[in-house]
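# Observations on the three-dimensional arrangement
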Amino acid sequence: MTMKLPVVRLLSLATAASAPRYAAAFSPVGLRTSRTATVATRLRSTVASASESAAAVDGGGYDYDLLVIGGGSGGVRASRIASGHGAKVALLESRLFHGNKPEYSAIGGTCVNVGCVPKKLMVFASRYPGEIREMEGYGWKGATEGTFDWKTFLENKNQEITRLNNVYQNFVLKNAGVEVIEATGTLAGPNSVSVHTTATGETSLVTARNILIAVGGWPFKPDIPGIEHAITSNEIFYLEEQPKRIVVVGGGFIALEFASIMDGLGSDVTLMYRGDLFLRGFDQDMREHLKEEMEGNSGIDLKFNTDPKEIVKKDDGTLLVIDQEGNEVECDAIMYATGRKGKIEGLNLDAAGVHTEGSFIPVDEYSRTNVPGVYAVGDITDRIALTPVALMEGHRLADTLFGGMDRPVDHEYVASTVFTTPEIGTVGYTEEEAAAKFGDVDVYKNRFRAMKHSFPKSETYSLFKLIVETKTQRVVGCHVATDGAGEMVQGVAIAIKMGATKDDFDNTIGIHPTSAEELVTMRTPSYYYRGGERADLP
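Heads up: these notes are all about the structure in this document.

Rules used throughout
Residues numbered from 1 in each chain as written. Predicted model: local features only at pLDDT ≥ 70, side-chain atom pairs only at ≥ 80, totals over all residues. Heavy atoms only, no water. Core = buried A, V, L, I, M, F, W, Y, C linked by side-chain atoms within 4.5 Å. Buried < 20%, exposed > 50% of the residue type's maximum accessible area, 1.4 Å probe, protein only. Helix = DSSP H or I, 4+ residues; strand = E, 2+ residues; numbered from the N terminus. Contact = heavy atoms within 4.5 Å. Pairing = 2+ DSSP bridges. Axes fitted to C-alpha atoms, helices over the stretch in contact; angles between N-to-C directions. Expected span 1.5 Å × (residues − 1). Arc of directions from axis to C-beta.

Counting residues in hydrophobic clusters, the biggest one holds 44 residues, and the most contacted among them are Ile 236, Leu 271 and Phe 278. Where this core is concerned, the elements lending two or more residues are α5 (116-133), α6 (150-173), β7 (245-249), α7 (253-264), β8 (268-272), α8 (284-297) and β13 (333-336). In terms of residue count, α7 provides more of this core than any other element does, 8 residues in total. Among residues more than four places away in sequence, those in contact with Leu 271 are Val 248, Gly 250, Ala 255, Leu 256, Ala 259, Phe 278, Ile 300, Asp 301, Leu 302 and Lys 303. Val 89, Leu 173, Leu 212 and Leu 401 belong to the second-largest nonpolar core, a separate cluster that totals 31 residues.

The subject of this paragraph is the sheet that holds β8. Sheet architecture is open: 4 strands sit in the order β9-β8-β7-β13, paired in parallel fashion. With partners counted over all chains shown, the strands left at the sheet margins are β9 (301-303) and β13, one partner each. Averaged over neighbouring strand pairs, the angle between their axes works out to 20° when direction is ignored. Where β8 lies against β9, 3 bridges are found, and the strand directions are parallel.

A rise of 1.5 Å per residue sets the reference length of helix α3 (residues 73-84), with its 12 residues, at 16 Å; its end C-alpha atoms lie 17 Å apart and thus fit the reference within 8%. Here α3 lies mainly inside the structure; 9 of its 12 residues are buried. Of all the positions in α3, only Ser 73, Gly 74, Gly 75, Val 76, Ala 78, Ser 79, Ile 81, Ala 82 and Ser 83 are classed as buried. Packing partners of the buried residues in α3 comprise β1 (64-69), β2 (89-93), α4 (109-114), α6, β5 (203-213) and α9 (387-402). Looking one or two places after α3, you find Gly 86, whose phi comes out positive at around 100°.

With that out of the way, let us pick up the pairing of strand β19 (residues 462-469). For β19, the buried fraction is high: 8 of the 8 residues fall into the buried class. In this structure, strand β18 (residues 441-448) lies alongside β19, joined through 8 bridges in antiparallel fashion. Looking across to β19, one finds that Arg 447 is bridged to Leu 463. From the end of β19 to the start of strand β20 (residues 475-482), which pair antiparallel, there are 5 residues, and Gln 473 there has a positive phi angle of about 65°.

Note the cis peptide between Thr 421 and Pro 422, where omega equals 5°. Here Pro 422 shows up in the loop between β16 (416-418) and β17 (423-428). Here the bond from His 512 into Pro 513 is cis, since omega is -5°, no more than 30 degrees from zero. Relative to the helices and strands, Pro 513 resides in the loop between α13 (502-506) and β21 (527-530).

The complete set of buried residues in helix α10 (residues 431-438) reads Glu 431, Ala 434 and Ala 435. In a view along the axis of α10, the buried residues occupy a sector of 100°, so they form one face of it. Opposite the packed face of α10, turned more than 90 degrees from it, sit the exposed residues Ala 436 and Lys 437. Contact partners of the buried residues in α10: α8, β18, β19, β20, β21 and β22 (533-536). Within two residues after α10, Gly 439 carries a phi angle of roughly 80°, on the positive side.

Structure follows, in structure tokens:
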């Protein structure tokens, strides 16, 4: 016999009427089709039918139609949509407010608490000095960058994240009829979960016809001497003092974004990456362009082919980072951004027979695990680790299970942004991927100094690039490095997702004067590929 859990009564706050729209979550790697096709083939089974959807809400003696473990983007969206379709839904999240160690995250998940939202706020803060430096060229005299107050920023950031925690609890979920329980969940079988209440430590057993695992990911740190002194993208949002000198380790978007942020906020930044060039998986031209911009327009010390082998904490509290060649860098903080793993610890997946690959849960195109009735969405599935993608996966799962619809996930032409300075906005295939997939491809690109930077004579350049499949003339890739690239590419992504051709772009009248008009004024290919081999124009 199962025991009913006491529900955490969520208090409405008048200050939080609705959640603002924030740009996407940390950001992208492998944003085309990535692992989806392989996983889907491996786990493919019959499509959930309308009759199965009806069965999903047929009580059958279960406590819930859907029990969600994890209150991040995917879990919250699936819960809300499922409840809207008439399902009885409960969601488990270990914390309802951010900042609690060791979880750090809370309701809203990584994105809201220690991901895209606070990161983007930091991005905004970090860009003001650059704006001020260009003011004199526009006639403003005497403007200075001032002094950045880390504590003031964190206080304001914490207030905003607390507000969003309340929005998710009281408006997004409570108003949708979702039962929110401040607890963790451990599988006790394919249709049962042991629920460990955070406040009391008590454990109760609940049953559900369908279980959704949406616990997200966790920063990875390598096992080297002194690694306990390193921070990650969790802790950096709660440091009491701004590090004057910081080493960032990694070559993905998280590492580059925080290197840019801390540089803009006035810290001395060293970026260490074990490879030849960062942002593996992105378009090669974008990777090289960002390297040039960082070298020419930032104070970041880029160290490629460099990997720390030891971290030593000195008596005065400072850190000494020693690389594999014996070189030493002294700093006040070292941040690791060397990938993320699935947060499967403590889920007891074996109890239900759920298959895992490493720390991730493989699923098919309907987010089904190998166990009927057990599903997974978001970063735990190792598909595309982006907030909007998790939202899509959770929404489509709920529609399929409870809405009588057939909605597999769709991971092709997913737009994203790397929030460095300058930003990189991207959607679709890279040049290298397009050449390999389509064979015949036309490449359009242009590098120029934007009007905003040209007037004060700043040596900051933009790069625009379109990838076109020759046979159909469909635009299959767009890559932009410039101010506001994310805002720009979001609009372009709609056209590319709809199958727009190069003629469609050419027939669109540009907005002048803007940098974005470059997307509809590039008329002649820079070069092309035939049979997958590059050929320059005569």
